[in-house]
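# Reading the structure
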Amino acid sequence: MPIATPEKYAEMLDTAKAKSFAFPAINVSSSQTLNAALQGFADAGSDGIIQVSTGGAEYLSGPSVKNMVTGSVAFAAYAAEVAKNFPINVALHTDHCPKDKLDGFVRPLLAISAERVARGEAPLFQSHMWDGSAVPMEENLQIAQELLALSAAAKIILEVEIGVVGGEEDGVVGAIDEKLYTTPEDALATAAALGVGENGRYMTALTFGNVHGVYKPGGVTLRPEILKAAQEAVAEKLGLPAGSKPFDLVFHGGSGSSPEEIAAAVDYGVIKMNVDTDTQYAFTRPAAAHMFSNYDGVLKVDGEVGNKKAYDPRAWGKAAEAGMAARVVEACENLRSNGQSIG
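Residues numbered from 1 in each chain as written. Predicted model: local features only at pLDDT ≥ 70, side-chain atom pairs only at ≥ 80, totals over all residues. Heavy atoms only, no water.

Moving on: the environment of His252. The topology assignment puts His252 in the loop between strand E9 (248-251) and helix H9 (259-267). With a relative accessible area of 1%, His252 lands in the buried category. His252 sits 43 residues away from Gly209 along the chain, and the two C-alpha atoms are 9.6 Å apart. Reaching out from His252, the side chain makes a polar contact with the side chain of Glu161 at a distance of 3.1 Å. Here the side chain of His252 touches Asn274 through a polar contact of 3.3 Å, side chain to side chain. (Helix = DSSP H or I, 4+ residues; strand = E, 2+ residues; numbered from the N terminus. Buried < 20%, exposed > 50% of the residue type's maximum accessible area, 1.4 Å probe, protein only. Polar contact = N/O pair within 3.5 Å; in protein donor to acceptor, adjacent residues only side chain to side chain.)

Take the packing of helix H2 (residues 31-44) against helix H4 (residues 68-82) next. Following both chains from N to C, one finds H2 and H4 inclined at 40°, their axes separated by 11 Å at the closest point. It follows from the interaxial angle that H2 and H4 lie oblique. Read as a crossing pair, H2 and H4 show a hand that is right-handed. Along its contact with H2, which presents Ser31, Leu34, Asn35 and Leu38, the element H4 presents Phe75, Tyr78, Ala79 and Val82. Residue classes in the contact of H2 with H4 are distributed as six nonpolar, two polar and no charged. (Axes fitted to C-alpha atoms, helices over the stretch in contact; angles between N-to-C directions. Parallel < 35°, antiparallel > 145°, perpendicular 65-115°, else oblique. Left-handed = near helix turned anticlockwise from the far one by under 90°. Contact = heavy atoms within 4.5 Å. Nonpolar A, V, L, I, M, F, W, Y, C, P; charged D, E, K, R; others polar.)

Turning our attention to the packing of aromatic side chains. All chains considered together, the criterion is met by three aromatic pairs. The ring of Tyr181 carries Arg223 above its face, with NZ or CZ at 4.3 Å from the centroid. (Phe/Tyr/Trp six-rings, centres within 6.5 Å; stacked < 30°, edge-to-face > 60°. Lys NZ or Arg CZ within 6 Å of the ring centre and 35° of its normal.)

What follows covers the environment of Leu150. In this fold, Leu150 is placed in helix H6 (residues 137-153). The class of Leu150 is partly exposed, set by a relative accessible area of 40%. Separated by 123 residues in sequence, Leu150 and Asn27 have C-alpha atoms that sit 24 Å apart.

Right, let's get into H6. Under the 1.5 Å per step criterion, the end-to-end length of H6 is 24 Å for 17 residues, consistent within 8% with the ideal 24 Å. Of the surrounding elements, those touching the buried residues of H6 are helix H5 (106-118), strand E4 (127-130), strand E5 (157-162), helix H7 (184-194) and strand E8 (202-206). Following H6 by one or two positions, Lys155 adopts a phi angle in the positive range, close to 60°. (Expected span 1.5 Å × (residues − 1).)

On to H7. Of the residues making up H7, those classed as buried are Ala187, Thr190, Ala191 and Leu194. Down the axis of H7, the sector holding all buried residues measures 95°, keeping them to one side. Exposed and oriented more than 90 degrees from the buried face of H7 are Glu185 and Ala192. Just downstream of H7 lies Gly195, where phi reads positive at about 80°. (Arc of directions from axis to C-beta.)

Among the five residues of strand E1 (residues 23-27), five are classified as buried, and the element is accordingly described as predominantly covered. Where burial is concerned, the two faces of E1 agree: the one with Phe23, Ala25 and Asn27 and the one with Pro24 and Ile26 are both buried. Two elements, E1 and strand E2 (residues 48-52), share three bridges in a ladder whose sense is parallel. Counted as the bridge partner of Asn27 is Gln51 from E2. Chirality of the crossover, the property in question, places the unit of E1, H2 and E2 among those that are right-handed. (Pairing = 2+ DSSP bridges. Right-handed = clockwise from strand over helix to strand, strands pointing away.)

Here the protein chain shows a mean pLDDT of 92. Residues at 70 or above account for 92%. Considering only residues more than four positions removed or in separate chains, one finds that residues 171-177, a stretch of pLDDT under 50, has 14 contacts. (pLDDT = per-residue confidence, 0-100.)

Nonpolar side chains tend toward joint burial in soluble globular proteins. In terms of nonpolar packing, the biggest core is built from 77 residues, with Val28, Ile50, Phe75 and Trp130 touching the most fellow members. Leaving out residues up to four positions away in the same chain, Val28 has contacts with Thr33, Leu34, Ala37, Ile50, Gln51, Val52, Phe75 and Met324. Membership of the second largest hydrophobic core comes to 15 residues, among which are Ala4, Ile157, Met203 and Ile271. (Core = buried A, V, L, I, M, F, W, Y, C linked by side-chain atoms within 4.5 Å.)

A few words on the sheet that holds E1. Around the barrel, which closes on itself, the eight strands sit in the order E1-E2-E3-E4-E5-E8-E9-E10 with parallel pairing between neighbours. If you compare each strand with its neighbour and ignore which way they point, the axes differ by 30° on average.

Pasting the structure below:
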């Protein structure tokens, strides 16, 4: 199907919230990983979200070019074409953008989408993330207000981060300490600054012990009940019925999370969960296996000629894509989005 329109994306998110499931948001950095993500969603019968980080966007432009906007535009154009051949809806998203990269990433992309919308076209991306976790809360929300207005005008959903995700992603490092846990006061401040949809739709990455990167289950203490407390605090402030979920929540840093922790987060309003580290490994592991199993074919050992069929990038590339697609299916199952396509 074509890339989701703003209206279709909103319907996807509304359906996830109403039915208590979440979409995996799969980070990609190449045409191969993009194709693998699409195949995984199709195999799971799930709509989904495909996203690029600042580093992924740089890489997509060419390792020596390193232009985040060029890479993002190229990614969106390629995705728009190949997605037509898959029977599911996908939305395109840009991942973590810190303050020092806004002018070279999110703001130019918002301007491009605003121009497209003015011509009667769809925006280039369906959502963008502003990562204000490294700046004071007041500044975080001030920048979020500006970006939310620009996003709404371009028919784009903004994602914000309220709190700090530990670990490292694309050079952004968060300490593993009490700042990993968003407070109800933080949630109330977010709703006061951004509204709850009347100023433009946004998704909120509240933190409840999340850490980017690789860690084993039990290595970090996740407290999904923090999400419940945040939803309840804002619902009470706004006079909403008990059990309301005013925030569209996002789960970052989920590698190593138990199925029970993931299920609890979804029950409390998570509708999008970022998946990167696990799918990177799932892509690379079959490629490594191919190299070890066919070392005398991929290397010209002792003056021999090797085996072209073994070192053809398509040989190990197909295995890598299949491995990543299988991990996407697993993510859909964990988040209960398998079989959830709105057509």
